[in-house]
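Residue-level structure breakdown
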Protein chains: 2
Amino acid sequence: MIKLAIDAMGGDLGSKIVVDAVLNYLKEHDDVSFYVVGKKEELTELENKATIIDARDVMEMEDGALSILRKKETSMNKAIELVADNVCDGIVSCGSTGAFLTLATLKVKLIPGVKRAALGTFMPTLVDGHFTLILDCGASNENNAEQLVQFAEIGECVYRSVYNKNDVDVYLLSNGAEEHKGCPEGKEAYQILKNKEYSWFKGNIEAKECLNGTVDVLATGGYAGNVLLKSIEGTAMMMSSILKESLYMSLRTKIGAKIAYPALKNLKRRIDPSKGGGACLMGINKVCVKAHGNANARAFQTAIEYAISMINSPMIASLKEKYGTKN
Amino acid sequence: MIKLAIDAMGGDLGSKIVVDAVLNYLKEHDDVSFYVVGKKEELTELENKATIIDARDVMEMEDGALSILRKKETSMNKAIELVADNVCDGIVSCGSTGAFLTLATLKVKLIPGVKRAALGTFMPTLVDGHFTLILDCGASNENNAEQLVQFAEIGECVYRSVYNKNDVDVYLLSNGAEEHKGCPEGKEAYQILKNKEYSWFKGNIEAKECLNGTVDVLATGGYAGNVLLKSIEGTAMMMSSILKESLYMSLRTKIGAKIAYPALKNLKRRIDPSKGGGACLMGINKVCVKAHGNANARAFQTAIEYAISMINSPMIASLKEKYGTKN
C-alpha cells in the first residue's frame, strides 16, 4: 500500500480543495494510505479515512530561505519530514515552489550525482496519447549549461523508464532549430551534449514545435520552462473560453454545439487545462509533486494521481541506477 | 503615398508567397507603392504593378555578423538600403532575424537614446478587440536589466501613441506575480522601474495571465519573449488542429460543426494563427517589420498591413519625441 503525504495548506483556494481531492480519490481507489498535514479543524471530513497530522503554521509565498528552514511547524515542513523519515513514499503540495524545492533538496535530498532537481511535467501533444516531458519548468529561475545538460540526461532516463521506451528523443528548447540559436547557456549546453555524442540528443527546437508529438523530452532552464508551460496553459484556457463564448453566440450555434458535443468532449479530454495537475521534482530521492498554487479539487486529484503513477514507476530506481547508487 | 520596401527572398516558402501577398494587397488597396527586391525572374508577375529591384544574393539563416555586412548584393541589404536612403518609408522581410536586426540597426539606425531595438508584436487577447504588445519577442537572446527597462519604456510610448491611450498598463513577464519573482535581470529591472515611479508600471505577471486582456504592454527579454510568442502560436495551432480533427470524428459531429459554423468562424477570427504576420523592430528610425520565416501569402500580407499601420501611426514620431530628437 502506497503511503502518500499531503500538504493540505498553502494553496490559493485553501485546504477545502485538498480535502475534496482526497475524498474523491478514495471513492474510486483503495491503494493509497493518505497522511494529510494541516490545521486539523479544517480536515475533519477526513477523519477515519486518512491519517491527520496537525500543523499550526503555513509556509507563505513570500518566505525566504532562512524563514523556510526556521518554520518547523508548517504543514509543508511536517509533510516533507514524513517522506524524509521514510514514513511516506511521496508527497503532494500546492504551496510555494521555492520552499518545496528547498525543503525537498535539504531533507529528502538529491540522488547522489544530481546537482539540482528539476520540475518535470508531462504535457499532452498533437499526437493522441503521446506526452512531452518538459523539465525544468520552474524549480530554478537561473541555470547554467551544466545544469541544462543534466536536465536533458535526467529527462531521458525518466522518460525511458516511465514509458519503457528505448529510443527517447530529447531536444533543447531554443529560439530556433539551428545549432547556433539559443540563449548563451543553451548554446553551451548544445555543444556539451553534442560532444558527449548521446544518440538521444536531437538538437534545438522552437517553442512552437515542442508539442507536435516528435519531442519526448524538452530540456530547458527553469525560467524559460515556466514561461513555456504557463503560456501553453494560458493559451489553452483562452481558446477554450473564446470557443465557449462563440458557441453561446446564438440559438443556431447553441444547437450546433449540442449536436457536435462528442467532438467538444474529445477536445476537452485531449487538452483540458485542469488536468495539468502537477510537476514532479526529478532528481530527489522520493517522489515530490508540486500541484499548481491555484489548483482546484480536480487538479489536485490529478496531482495525486501523478504522484502515485510516479511512485509505481521505476523512475527513482532508474535515476539511482544511472547515477551509480543503489540503496 | 506610402513607399514600402519588400525583401522578397529568404523566407522558407520562397518568393512566390511574397508576390502573391503583394498582388492580393494591391487588389484591395491603392495607397502603397511597393519596391520589391529579389531575383527579378521570380518577380515577373509584379511587372507594372511594383518597382522591381534585382538582387542576385540571398541572406542565409546561418550568416554570421561579418558575412551579413559583406553580402551587399542580398535582397535584404538592398531593401534595407532603400529605407536607409529615404527612398522607402519602411520594409517587410521574412529573412533571418539576426541579419535584419543587424542591418536595420547599422543602416537605418537606432533612434538616438535607444540602446537596443526590440521586436514588438501585438497579440489578440481574451477581450475582443484588445491587443497586448509583447516586446522583445526575439531580436535579442540575452538582455540586461537596463534593456528590459527600456523595452518597458518603449512599449508604453508605442502603445500610448498607436492606441491614443493615456493610461497604458505595462507589466514585466515573470514566473510569478510577486515582486521577488523572476530571472535575475528581471528582478533588477523591477527595482529600477519601481524606483522610477512610473505610474504605468504594474509589476510582474505570469505567462498564463498575460493574454487575459489586462496587459497592454508586456516587457520581456528576447529569449523568453520568443518562447512565449512561439508557444502561444504553437498551442493555438495545436488546439485548432485537435478541434478540427474532433469535428470530423463522425457524421454527427460534422453536422454539428456545420450548424455551429458561425461560432467556429468567430473563433478563427479571434485567434487565427496565420494572422500573426509579423513583429516590428521598435526603436529604429523607420518601420522595419519582420514576417515569420515560414509565413504563407496570407501571413505575409498581414505583415504588410502591420507595417503600413505602423507607418501611418505616430509610433516613430512619439519615440523620437520621447527620446528628445525631432528630425
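1. Overview of unusual backbone geometry
Residues and elements named next belong to chain A. Residue L135 is joined to D136 through a cis peptide bond whose omega torsion reads -5 degrees. Here D136 is to be found in the loop between β6 (131–135) and α5 (145–163). Backbone geometry places N48, a non-glycine residue, at a positive phi of 70 degrees. As for its placement among the helices and strands, N48 is situated in the loop between β2 (32–38) and β3 (51–54). The class for N48 is exposed, based on a relative accessible area of 83%. A positive phi angle is found at N86, which is not glycine, with a value near 65 degrees.

2. Some details on the interface of chain A and chain B
Listed as interface residues are 61 residues of chain A and, on the opposing side, 61 residues of chain B. For the pair chain A and chain B, the summed buried surface comes to about 5,400 Å²; carbon and sulfur atoms form 68% of the total. When the area that chain A buries against chain B is broken down by residue, the three leading residues are K208(A), Y223(A) and M239(A), summing to 14%. Put simply, chain A and chain B have six salt bridges between them.

3. What about the nonpolar core?
The biggest cluster of nonpolar side chains holds 112 residues, and the ones touching the most others in it are L218(A), L228(A), L281(A), L218(B), L228(B) and L281(B). Among all residues touching L228(B), those that are not within four sequence positions of it are V227(A), S231(A), I134(B), L173(B), A207(B), C210(B) and L218(B). A145(A), C157(A), F300(A) and A303(A) belong to the second-largest nonpolar core, a separate cluster that totals 66 residues.

4. A short note on the domain arrangement of chain A
Often, the extent of an interface is quoted as the loss of accessible area on bringing the components together. Residue and element names in this part refer to chain A. The domain architecture assigned to chain A consists of domain 1 (1–114 + 283–327) and domain 2 (119–276). In this structure, domain 1 and domain 2 have C-alpha centres spaced 24 Å apart. Counting residues at the interface gives 19 residues for domain 1, matched by 19 residues for domain 2. Around 1,600 Å² of area is buried between domain 1 and domain 2 when both sides are counted, 62% of it from carbon and sulfur atoms. Linking domain 1 with domain 2 are zero salt bridges, by the criterion used here. One can count three residue pairs in polar contact (both at pLDDT 80 or more) joining domain 1 with domain 2. Looking at the side of domain 1 that touches domain 2, the elements with two or more residues in it are α4 (97–109), α10 (297–312) and α11 (315–322). Per element, the largest residue contribution to the side of domain 1 that touches domain 2 is five residues, and it comes from α10. Residue composition of the side of domain 1 that touches domain 2, grouped by class: nine nonpolar, seven polar and three charged.

5. Section: the sheet that holds strand β9 (residues 217–219) of chain B
Residue and element names in this part refer to chain B. Here 11 strands make up an open sheet; going across it, the order is β3-β2-β1-β4-β11-β10-β5-β6-β9-β7-β8 and the pairing mixed. The sheet is open, and its two borders are formed by β3 (51–54) and β8 (201–206), each paired with just one other strand. Recorded for the sheet is a direction-independent mean angle of 25 degrees between the axes of neighbouring strands. With three bridges connecting them, strand β6 (residues 131–135) and β9 associate as parallel partners. Looking across to β9, one finds that L133 is bridged to V217. Lying on the sheet, helix α1 (residues 16–28) is in contact with β1 (2–7) and β2 (32–38); it crosses β2 at an angle near 170 degrees. Along the sheet, helix α7 (residues 222–247) makes contact with β5 (118–124), β6, β7 (170–174) and β9, crossing β5 at roughly 30 degrees.

6. Focus: helix α8 (residues 251–259) of chain A
T253(A), G256(A) and A257(A) are the residues of α8(A) that are buried. Seen from one end, α8(A) has its buried residues packed into an arc of 100 degrees, which puts them on one side. Among the exposed residues of α8(A), those pointing more than 90 degrees away from its buried face are L251(A) and K258(A). Tucked inside the fold, the buried residues of α8(A) contact α7 (222–247) and α9 (261–271) of chain A together with α8 (251–259) and α9 (261–271) of chain B.

7. Quick word on the environment of K258(A)
Residue and element names in this part refer to chain A. Tracing the backbone through its elements, the reader meets K258 in helix α8. On the basis of relative accessibility, which here comes to 66%, the residue K258 falls in the exposed class. Along the sequence, K258 and G95 sit 163 residues apart, while their C-alpha atoms lie 39 Å from each other.

8. Points about α10(A)
All names here are of chain A. Here α10 contains 16 residues, and its C-alpha end-to-end distance of 22 Å stays within 8% of the 22 Å for a straight helix at 1.5 Å per residue. Along α10, 12 of the 16 residues are buried, which leaves the element largely enclosed by surrounding structure. Those residues of α10 not exposed but buried are A297, A299, F300, Q301, T302, A303, I304, Y306, A307, I308, M310 and I311.

9. Concerning the relation of the copies chain A and chain B
Between the two copies, chain A and chain B, the superposition gives an RMSD of 0.0 Å; the rotation angle is 180 degrees and the shift along the axis is 0.0 Å. The superposition operator between the copies reduces to a two-fold rotation axis. If distances are taken from each C-alpha of chain A to the rotation axis, the shortest is found for G256(A), at 2.1 Å. An overlap of 100% is found between the interface residues of chain A and their copies at the interface of chain B, pointing to a shared contact surface.

Quick notes on the rules
- Residues numbered from 1 in each chain as written.
- Chains lettered and ligands numbered in written order.
- Predicted model: local features only at pLDDT ≥ 70, side-chain atom pairs only at ≥ 80, totals over all residues.
- Heavy atoms only, no water.
- Helix = DSSP H or I, 4+ residues; strand = E, 2+ residues; numbered from the N terminus.
- Buried < 20%, exposed > 50% of the residue type's maximum accessible area, 1.4 Å probe, protein only.
- Contact = heavy atoms within 4.5 Å.
- Buried area = accessible area lost by both parts, 1.4 Å probe.
- Salt bridge = Lys/Arg side-chain N within 4 Å of Asp/Glu carboxyl O.
- Core = buried A, V, L, I, M, F, W, Y, C linked by side-chain atoms within 4.5 Å.
- Domains from an automatic or database assignment.
- Polar contact = N/O pair within 3.5 Å; in protein donor to acceptor, adjacent residues only side chain to side chain.
- Nonpolar A, V, L, I, M, F, W, Y, C, P; charged D, E, K, R; others polar.
- Pairing = 2+ DSSP bridges.
- Axes fitted to C-alpha atoms, helices over the stretch in contact; angles between N-to-C directions.
- Arc of directions from axis to C-beta.
- Expected span 1.5 Å × (residues − 1).
- Least-squares fit on C-alpha atoms with pLDDT ≥ 70 in both.

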